[in-house]
Structures are given as C-alpha cells and as structure tokens.
Amino acid sequence: MDKRDQLIQKIRNIAVKTPENDVVVPEKVEGFGTIEYSAQTCSACKKCILACEPAALDLDPTMNLPDYLTATIPHDGFRSKNRESLVTLLQGLKQEGDVMAISVPDGLPGYGSIAWSADRCIACNKCIEACLEDCLTLEKTYKLPEIIGEVKSPPPITVSKDWEPFILCFVCWECSHAAADLAGLMHLHYPTNIRTIRIPCLGAVEPMHIMTALENGVDGVLLTGCLLSECHYGGDSPKAGNFMQYDFVKFWMDVLEEIGMGGRIHIDSASAAMGIKFADIVKEFTEKIQNLGPSPIRGKLEVR
Amino acid sequence: MKKLFLCTCNKTLDKKLDFPRIEKELKGVFDSVQIHDALCLKEGLAFLESEVSNEDSVVIGACTSQIIGIPMSEKLKTESVSFVPLREHVAWVHSDDLKGASNKATVLLRDAAIRVDHMEPPTVVENHMEKEVLIIGGGMCGLKVAADLLNLGIDVTILEPCPWDDASYVEAGQFMADKETLTKMVKELVSATASATTICCTITGLDGRSGKYGVSLACQDGKISTIDCGSIVIATNVEQKPPPMAKKLLYGKSDRTILLGDFATLLEKQEPKDVRTVLVAVDPTHHLSAVEGGYLLRVVTEAAKNGNTVIVAHSNIRTEDENIYRAARKSGVIFVRGALEKIKDTKEGMVCRLENTLESKIREFTVDLVVLQTMTRPRGDTAELARIAGLSLDEDGFITTRYSKNKPVQTSKKGIYIAGNGKMPMSIDDAIASAGNAVLEVFKDIRASTRRKGWIPIIDEEQCDVCEACIEACPNDALRLVDGKVTHISQHCEFCGICVSACPTRAIEFQSHSKESWFARLEALAENHKKMEGTKPFTFVYACSECANASIDLAGFTGKGYPTGTYVIQFPCAGMVSPIEILKGLAVGADRIVVAHCPPGGCHHQTGDHMAELVVKFTQDMLRSIGQDPERVRATYMIAALPNKMQEEVAHRG
Amino acid sequence: MTKTVVVIGAGLAGIQVTQQLTDLGVTVHLIEKESIIGGLATHLGRVFPTGDCALCLDACEELFDGHHRRCQYRSLLTSKKNLKLYTQTEIKSITEADGKISVSIKSHPRYVLLDRCVVCLECINVCDVEIPDEYAIRGGTRKAIYRPISQGVPLAPLIDMDHCTQCGKCVEVCGVDAIDLEDKAKTRTIKADALILATGVEEKIPLNLAGYAYSESDDIITQRELARLIDPAGDTNGQVITSSGDDAAKVTMVLCAGSRDLEATEYCSQACCTYSLKHANMLRDKEIDVTICYMDLRVQKASNHYLDLARKKGVKFLRGKPDKVIVRDGKPTAIVEDTQTQQRMEIESDLVVLASPLSPLASQSEVLADFLGEYGFASRVIKEGRVYACGTATGPEDIPTSIAEANAIALRVYADLEGGR
C-alpha cells in the first residue's frame, strides 16, 4: 500500500460523518486537486496515462458525446482536426432530446475517453504536461465525498466525569520550542493535557502524522511554529515552512470539518520570546477541545 | 488542362444517357469534352494517347475501371486520371430512366472533376529481398522446401530445436504416409539438402521487415545470436496428442490404454504368439482429418494382418483413399459405429461398454488393449513462434493463413510463409505440394525486386500525438513506432488506408484521399444532386474497390437495376471509412449511407470488412444518441457472386 | 530462351498454374474447351471454405503486383503478355519429338472478334432466337448470340451457330465490326517444352444411377444444379423452386449418391460433403427444411465451421444412405433406413438433391488416355520434364488444395525446364 492509499485509509478511519462538499485546496497546498477533462479535444493518445505514476488515469472505452455536443468551435482550440470535424458534424446533425455517452466497440482504435480516479491522483500535473491536446486542467478542489464515500457514524460515547482532553502538540525546534521552554522558565502554568513532539520545522509535518494521531484517539492536534515570515528555514520565502503550514492546516481543518472532526486541529505561532503566548495558545486550544468533548474515534476504538 | 472523355460503347450508351446534355452541363467544368464510340479498342486507346499530355488531368466516363483501368493507364501519359463507370453503374442499371441516368452521370462526372484536382501521383515502393531463407522446422516439409530452394540456387538455413536424427523425421511423420514411403522420401531429401546450413536453436525475437528480417536465436549451448534472412518459411511439424476422452478411458492410469502411435510401435515388435484383442476408439468430439483417418486405417489393417482382433469404434471415418478403408475391412477389422462410453480395468481385460448406433444397442467387449486415436496438434512451440512472428492461430493452435481459399501458404505477414502441418494436418502429398507452393512464393519474391505503385499514407509528425491508433489498426504491420515516431514501412503497405480511419488528429492522410478532398467531394455531390434532382432523396454507397465494387459492376452486367439517386463512391478499402465520412454524407443531406465491404473474413487487406462493421456500428450508436435514425447508415458485404446485393440494399429505402 | 508450356484446362487450377508460370517468364498456351474460363467454378456461385465467390482468382504479379485476389471478370487474364488463351478449343493430338512436345489443337469459331468487341451487349438485345440456357435449371433461355455467364472471360459474347438463323441483325447493330459470321475453325500445332493437364472434374450426371430416378423427375437434381438454383444470377434469381414453379419448402440431400460404391464410382469425391453442407446452410437461410442422408461426414479441417453451422441452423442429419429415390404423386421420395433408430423411413420432399461423384474430364478424351491412371486421374508428374498434372485432374480435392498443388506444379515445371543451378 502506498502512502496516498494509507493516508486516505486513515481519513476513512477517522471519518465519523459522510462528507458532502468538495474541499477547496488552498493555493499553496500541492498534491491534492481534481483533474478536469474535456473529452471533445482528446485524441485518446494515452500520453497522460503513460505519464501518470500512481495510475490514476485509464482509458475508458466510451465516447463522451455530451461533451462533444456542448463544445464550442473554434474556441476550444482543436489541434485534432478529425475530432473537430466529428464534433462539428455531430452538432450539425443533433436532434431534440438528451444525449448519452456511448461505448466504443471493442477493437476500434482511436477513440475513448480518460477516466480519472480521485483517490489515486496526487495532483502532480504530469498528465497535464504530457497532454498534447490541452484537454486536462487541474482544479484546486479535493473531491472528498467521492474519495471517502459513505461513512457510518460511530456509537456516541459517554463522557466520564474525570475526562481530560489529550492533545498532541507538534512544535518546531526553532522558535516555538524555545517559546515552550521559555514558558517553563517563566513558570507559566498551562494545562497538562498536551504532549509536545519536537520536529525541525512545521513544514515537515505530514498529514499522515496528524491523521495517525487522530486515528489513535487524540482529542486534538496543535501545531506551533515560528512567527509568519520568520521561519528559520525560509524566512519570508513563500515556500517557508509556516506559510506552508497555514494553508496546509486550513485545508486539513476543512477536511476534518467535512468528516465530522472539525475543530480538532489548530495552528499558531510563537517566537522564542513569546512564552506567555505559547501558554495562552495551549490554554485556549485545551478549552476548545474540552468544549468539543472527547474524540468520537474513542468510541470507534472502544468498539474495536 | 482538365479533359473529359466519354465513351458511348458502340453508340449504345447514348440511348440510355443524354450525351449532348451531359456535354453541355460539363462544358464549364472541363477544358474539353470529347465523345468517342469505343475508347477501349485499339483506335480508342490511340486516340487517348494522342489527346492527353503529361500535364493534363483526365476524367474518363466509360465502362468499369476494373476492366479498362490498367490498359488505359498504360496509354495515358498522365497519372491524374479518374474513371467513372457510366456503363455498369449508370446506363445499364437505370435503363428505364434516361433523364435520371443522365442527371446521375453529370453528378458523378462533376465529382470526378474534383477528384482529379486532389489526385497525387502514386508512390513507387521498391522491395529488395535478401536471398537467404530461414526454414523453421526440418521435418519432411522443411526438408522439401530446403531441397527445392537449394535447387534454385538459394541459400537456406534450417532450424530445428532438437538434435538431428533422420529416423526421427520418419517417426514424427508416420501419420502422413506409410513407413516405406516416408523412409525413402527422407533419405532422398536428406541427401538433397546436404549443403544446407542447419542450426539447433529456438527463436526468441524477430525484427526488420519482409526482405530483411533479423531473427534472434537462443542456441542449445546457451549462446545468443542473430540471423539475417529475406524470407521465412515455417514448416513446423505436429505432435500426436491424446484425445479429450483419454482420461475417461483410463489413459495414464492403466497401461492397457495406449495411444495409436505406441500401438504402431508395439506392432513392429509383435511376435506371432502375442496376438491380442484390441479396441480402437475414435473420439466423437474430434473432427477427424483425412490424414488422421488414413493413419488409423493403416495401423489397424497392419494389426489385423498380424493376427490381432481389431474393433474400431467410431462415428465417422475420413480418408482420402477409399481403398485403404476397403483394405482395412478386408483384413478383418471390425468397424462399429458408436462411442465408447465407459471402460473398466479387470483381471480378464478391459471391459468396454459402447453404444453401437447401427444396432441401437449397448454392447460390451472385453479386450486386451484399448487404443486411442490420437489428435494431430501443432508442435508445442508453435504458439510462442506465432507470438514472436505476430501470426494468429486457429482454435486448435494451428497457424492461420492470410486467406484460406486461395492464399494457402501466405501468412498475415509479408515474407513469412507456412508450409505443411503447421497450418493443418496434411497427407504427405498435400504437405509436399504446400512446400512447393511456399518455395514458389519465396522464389518469386527473390527473383526480381518488386516495384509496386500505389497511394500510401503520409504522416505529419507535427500533428501526430503518437497515440498509435494507426499502428494498432494497420493489418499489415506497415506502421511501427521507431524512436518514438510513427514510421511507415512502405514495403509492407497494402495501400488500403485503414490506418487513416483510425487517426484522431489527421496526422496521417492517405495520398489522393485527404479528408478535405472527401468534404469537397461529398458537398459537391450533394449540391449537384440537388441542382439536378431537387428534393429527391439520395444515397451514398461507400464501396471498397475490391469485392463491393465488383458486386456493383456485376449488378450492371446482370441488369439488376436500382433507382437513380444512388451514388457509388469508391474507397480503396471499406476499412478506410471513418465516422467522419459517414456523418459528412448525412450532413450534406444523403438519405442513407451504405458502407459496402468484402465478405466476412474476406477483406483483401485482411481486416477492412471487420473495421467497416465496427465503424458503422459506432456511428449508429452516435446517431441514436443524438436523436437521429441509426438505420440511415448500414454496413453490408457485397460480392460478385451476389450481384443482387446492390439492388437489395438500395431498393428498400424510404 | 523463353520456355513454352501448354496448359490444358482453364479451370481454377489451370488458371493458377498459368499465371504463376507466366509471372516467372514462361510462355503459356492455355487451352479451354468451353467458350469461357473458370471450369466447374462457373457453375458454383459461392464456394467453401470462405463462402465467397467461386470465380475468385489469385491475381497475377505482372498486372497486380501479386498481392490481391481478383474476380475473374477483372482478372485481365487475356491482357497478359506471354499468355495465349484458346477457348472452344479441343486437343487433336499430342506427340513428342526432338525434346519438344507438339500439341495440335482445333479452335472452334466464336464469330465475335475478341480484339474488336466492346461488350456493349447490343447484339444480344437484337437477337430473336431464344433457346434453353445450359446454366439454367428452370427453363431459363439465352439467345443464339450470348454470354454464358456474366463474369465469363473472355467478356465478348459468342454465337451458337447451331441455333443462329444468320439473320444478320447482330452484324448490323455492331458498330465496331466485331462480328464475323464467316469466322472459321482454326487448327494449329504448338511446340512446347512441357504439358500440364489441369483438366479438372465434372459432376457426374446420374442419368444411369440405378434406383435414384434422376431422369424421371426435374425435382431430383444434383448439387451443381442446386447451386444454379441458389445463385441470384441464375434463371430463378436465387429462388429455390420446384419444376412446377413453387417455392421448395422441404429438401432432402443424399450424400455419396453413386460414390464409395464398387458398383458405381469407387472413390470418395472429398468435396461433396462440404458443398452439400454449404448448400444446406444456404437453404436454411431461406427457411427451407433440409435433411441430409449420409454415411460418413467428411469435412475438411478448414471447413469444419460449415458442419457446426449446419447443426446450429437446424439441418437434420440422418445416418443412412437411401436405397432408392422414387417419384410418388409427382413428389420425389427418398426411401431410407435410419441406421441409428433402425426405422425405415419414406421422406417425401419438394426436391431431392444428389451429391453425385466428381469424375475426371480427362478420361473423356482419347488423346489424353495414355497420361491417366486409376479411375482416370493423373499423377502430378506423369513424365519427368515433360508432362505434369495439377488440380482435380489428379484426384478430387477442394479449392485450397487445388491451388496449392497448381502453385507447386508451377514451381516444379519451372525448375525442371530452367534446370537447377
């Protein structure tokens, strides 16, 4: 099982409600998206399929007639002259009524359409680069409902009186670890519910880590890094770790929202001089989780 | 100059066509219009020769190009010629409709005028064949091929997977004839092929083209080598396999159930005191070939002559020689109609229960031995060989020929021939004939470098998406992917244009048949039809220039008339028709489109009939989906033996 | 020096061997007794194993690069440079001297000049004579000037002088002076290096076959005659009708009618099982009830699909050879014992079709008698370097085998004449 499969499996594991909406993929987040395909210009040359490493594309032996009939010529920029002729002729001959896709007879080369599987795609853009006919585009949405499918809600859990949230906190080992240290030096009190994991940079946190934590029943995941524009590994570069993480966590917050785990993840920043802020962040998040109650996954885990 | 020549065919066509009116209509289209009474005769040909220069383009409205095309082309100095078969496709089939026929003639001649505008000179394809021939299989047939080729001064290499042994040829070929004949023949052939190179290897790969094949070999000593050859003759032998019912009859479980070949060996060593009672079982599910039947009869006759009691249980006996059947019966062999149902291995012997259909009752025999009629099946490595060479196999695993009726040794690949048993079990006479036939084909290829002329596909690399659809579609291995580009192997090209119908991008166009030319022609045909005939519905018949065109010609010869408003448009092969030409035809207003191809499996280019059926089915689905009547498009085969086909296809419209 | 070969018989094998030899640069004189080439195939319409035209030829290399098949009418056989075709020609004598073989032939006049005729067919239209057509089964007629079949090669018509009234109408209407009513028979002697017999077979007309009443009823016909009935270009337009003109609804076929029989024809004709099955399938397509009475079903491997198809289409099979076929109340009736049920049956049908044996045509010629062996068939090499045979002249066989044999003989003759190197 490759990493993407593993990740999706983990999301399925922690899902407690059926997602209903596609999730917008923020600009800086890569690796997630939707390949939009316009059949009318496609020559079924299979170049995209050959380029696709995770085998997210396949040739579907159907001809997408509805697309053919809604295409506008020459606006769509047909490189394939024969396809252009076919589209023009079909549009000219079209009668009243609904148009359905039709299947291509077995053994007839040169026709077919591209089938894209949302759960395999890593939005790497290679197919789009390989396509000679400009029939593929990458949309910044993630088709969560299609990928996750239907989710059965776990049984509700009873909250015991002595329940305390369990929060995992990823801290970068530059500023925010120093902030945590400072909070200690300053003898600031913050809830004991957190366990910190030190990592080089927030940019190094992978969704897999977050999902694994949630899968194992943590009630919340907190990520703290350097101040905006002050990442030790990128400064104010648009590629700097905490910039990445802001968009990134936004994306995963939306994803968790869709699957019924909303609010259980939070990102913030604290510089080495901000021991107080660090303590406040932890306090606020702990309170938030306390209000949310224990992770519904605990129920799942208990059932198991 | 664009010139039109019309022929009245001994002043007979002018009774069915209004020549003065046609001439008047076409004055503006051609620079000159001339009418002759017998263009096909000596004086007519001389007239054409003197009237036409190499700068001209010419339209000839006369009889079918199938008859006059080649003789006239020899006389015409230009290659820009289009023929309109006014006699077979117009005058003779619309003899009761002078006006309609003349209108149709005008429309078709105008179409031909556009056609010559798009005409390109055909491409000359030369093929030089290397003189070396590789013969795969050194059995009886392979040796015969080698002997005949050596006799003609051609170098051969014979390839066998096993070590050489003269006696093994006799063993392997024992079913083909009696041992005496075989022994004598092997002796002769072995001495006649003494100068042949022989190697013991297996083939692992094949590249190159007809005339210049490169064969990769893995030899027994582990060495890997290649051999270059111009042509390849497959002369692989067969093996004797137990029939499907063998297991039921305890073959492999009891040593009293044996195969026919083992029985024959047993007979050779049999002492007079060892006589047995034997039941020979023929599997009713196996189509017995004549040569298998002959083998069976020879063995059982021998057994009976040796004093054994022989019962043959069968449902059909096939043999080429009725006399060996008679000899078997005369020698005392008992023939019983019926299938062996069950046997039991007992102390007394094998108890065989069989239903005798002649007596309608079940009988039991107790015999010493049950002998199974063997099935002759291709040698084990045949399938792998076929895969490497790109040949197809029939349901029994034999290699199929290009066209079973009159291309007996040609395979689907140029320069690769098949002789003898690799194609089907053969008697020695038939195998020797097929060897001679293969040698003839090889020799004809080598004797003179062939120069063929025809229109070929032209590839526009800029436009090409390298989708390989054309490569997949080409039935003749004439398109290949070389260094990431689609490359045309002109020596393999059959000038059919099937590749063109598959291309989604128009990166491959057939000379003289560009899509633009089709559009121009179809638009003009419709426009001219409407001008002449108003709203009268019209049909386009897209006919291949082989069987379908012949059938339509013959409709003329046999007077099987049909209504005017039917325009036959020739394609080199029906497989060249794509949905675009069909939809274009409908778009310009044709009421119906008929795609006429060769009979199933009978395409002259191998797959055109099948491709045409697929394309039409696909187009019908498109039409259905967009709310059009799919019945407006039809695919059908037409052959000369069915000259009524055209009438049937176009008469029931509307 | 160019070698010369005489081929006797322009059936499929004769044409094949001729085309191959001429492609190899040998001059061939092709001699045919009928007015058109094609032999038995001209009667058959569609043939196995491919189910398409009988008159399909392997195209010659000289004109067509050797890579396509061509219909007989478009084969341009007569345009080949080193091929001389003699139709309506009989062999008068064959002698051997000075290492050459001399073949004396007599060509009967066609009365239509091949190099003048444009095949406009006007002469046929104006002819007033109507006589029975040899290719018709149900009373179809032809003119005294006629083309035997539409694909006939040479394409030009011929005049049947036995029935011509010399009215001169055809001459008058022929604007290209192609008709010569004074045309005479020509005799000539060809000196050749080798002779090939491709004389073929004909379906024996079972006039004298005891018990089968062939001569008593026009509804007892042979398989060749059935082929003419099925042929859409025949006089019934492909309708299978009885002698009284009604559509046939029930047909019984008798295999081995007069074959494999020491009292009649001893050998098995090899092809009849398959063409009977082919016809049975075609009749089933017209929803005609078909019963096949047989002893053994001997189908070539390449044609097994005909048997499978026949079973699928509901052809009835009855193992047993009818003792006799009688005419009762005007209907042919086969009397047969079903050997599987041992029931004696009387099958009344609209048509009974006999698979009559294929008998060698060479045996009808005294001149060729010396070349023939058992049953009137020849061996492939009759005399090394001189006389050969191919096609069904060597024994009954199907078209693919016949074609392969013709090709092999072409090579053999070429190698023998040109000498090995």
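Residues numbered from 1 in each chain as written. Chains lettered and ligands numbered in written order. Predicted model: local features only at pLDDT ≥ 70, side-chain atom pairs only at ≥ 80, totals over all residues. Heavy atoms only, no water.

Along chain A, the regular secondary structure elements total 11 helices and 12 strands. Against the 2.2 N^0.38 benchmark of 19 Å for 304 residues, chain A shows a C-alpha radius of gyration of 24 Å, more extended than a compact globule. Among the 304 residues that make up chain A, the fraction classed as buried is 49%. Taking as baseline every contact in chain A between residues at least 6 positions apart, the subset at least 24 positions apart corresponds to 84%. In the form shown here, chain A has an accessible surface area of approximately 14300 Å², with 53% of it arising from carbon and sulfur atoms. The average position of the 29 basic charges and that of the 41 acidic charges among the side chains of chain A differ by 4 Å. (Helix = DSSP H or I, 4+ residues; strand = E, 2+ residues; numbered from the N terminus. Rg over C-alpha atoms; globule rule 2.2 N^0.38 Å. Buried < 20%, exposed > 50% of the residue type's maximum accessible area, 1.4 Å probe, protein only. Contact = heavy atoms within 4.5 Å. Areas by Shrake-Rupley, 256 points an atom, 1.4 Å probe, with all protein chains shown as cover. Lys, Arg positive; Asp, Glu negative; His and termini not counted. Charge placed at Lys NZ, Arg CZ, Asp CG, Glu CD.)

Scanning the model with the defined rule gives 74 salt bridges over all chains in all. R228 of chain C is paired through a salt bridge with D231 of chain C; the nearest N and O atoms lie 2.9 Å apart. With respect to burial, R228 of chain C and D231 of chain C carry one shared label: buried. Counted as one network, the salt bridges with shared partners bring together E322 and R337 of chain B together with R260, D296 and R298 of chain C. (Salt bridge = Lys/Arg side-chain N within 4 Å of Asp/Glu carboxyl O.)

Let's shift gears to the interface of chain B and chain C. Across the contact, 87 residues belong to chain B and 89 residues belong to chain C. Between chain B and chain C lies a buried interface of about 7400 Å² when both sides are counted; carbon and sulfur atoms form 52% of it. Viewed at the interface, chain C and chain B are joined by 11 salt bridges. As a salt-bridge pair, K405 of chain B and D52 of chain C come within 2.9 Å of each other at their nearest N and O atoms. Connecting chain B to chain C are 42 residue pairs in polar contact (both at pLDDT 80 or more). Elements with a contribution of two residues or more to the side of chain B that touches chain C: α3 (65-75), α6 (140-151), α11 (322-330), α13 (428-447), β23 (450-454) and α17 (547-557) of chain B. Among the elements that line the side of chain B that touches chain C, the one with the most residues is α13 of chain B, at 11 residues. Considered class by class, the residues forming the side of chain B that touches chain C number 34 nonpolar, 25 polar and 28 charged. (Buried area = accessible area lost by both parts, 1.4 Å probe. Polar contact = N/O pair within 3.5 Å; in protein donor to acceptor, adjacent residues only side chain to side chain. Nonpolar A, V, L, I, M, F, W, Y, C, P; charged D, E, K, R; others polar.)

Together, L185, M186 and I276 of chain A make up a nonpolar patch on the protein surface, roughly 300 Å² of accessible area in all. With respect to the helices and strands, M186 of chain A occurs in the loop between α7 (175-185) and β10 (194-199). (Patch = residues over 30% accessible without salt bridge, like charges linked within 9 Å, V, L, I, M, F, W, Y side chains within 5 Å.)

Moving on, we get to the sheet that holds strand β23 (residues 343-348) of chain C. Residues and elements named next belong to chain C. Spatially, β21-β22-β23 is the arrangement adopted by the three strands of the open sheet, whose pairing is antiparallel. Unpaired on one side and paired on the other, β21 (324-328) and β23 mark the two borders of the sheet. Between one strand and the next, the sheet's axes are offset by a mean angle of 25°, whatever the strand orientation. Sheet topology places β21 next to strand β22 (residues 331-338); five bridges connect them, and they run antiparallel. By the bridge assignment for β22, V325 is matched with A334. (Pairing = 2+ DSSP bridges. Axes fitted to C-alpha atoms, helices over the stretch in contact; angles between N-to-C directions.)

In this section: the nonpolar core. Counting residues in hydrophobic clusters, the biggest one holds 211 residues, and the most contacted among them are M63 and W252 of chain A together with F540 and Y542 of chain B. Aside from chain neighbours lying at most four places away, what touches F540 of chain B is L522, L525, A526, Y567, I569, G585, V588, A590, R592, I593 and V594 of chain B. Core analysis: the next-biggest nonpolar cluster, separate from the first, contains 107 residues, L152 of chain B together with L12, V17 and V28 of chain C among them. (Core = buried A, V, L, I, M, F, W, Y, C linked by side-chain atoms within 4.5 Å.)

A complete count under the given rule lists 23 aromatic pairs over all chains for this structure. Centre to centre, the rings of F538 of chain B and Y567 of chain B are 6.5 Å apart; their planes meet at 70°, and the pair counts as edge-to-face. Remark: Y567 of chain B occurs in strand β29 (residues 566-571) and F538 of chain B occurs in the loop between α16 (515-533) and β28 (539-544); sequence separation between them is 29 residues. With respect to class, F538 of chain B is no different from Y567 of chain B; both count as buried. Three or more aromatic residues joined by ring pairs form one cluster here, namely W518, F538, F540, Y542, Y567 and F571 of chain B. The ring centre of F32 of chain A lies 4.2 Å from the NZ or CZ of R4 of chain A, which sits over that ring. Lying across the ring of Y325 of chain B, R329 of chain B places its NZ or CZ 4.4 Å from the centre. (Phe/Tyr/Trp six-rings, centres within 6.5 Å; stacked < 30°, edge-to-face > 60°. Lys NZ or Arg CZ within 6 Å of the ring centre and 35° of its normal.)

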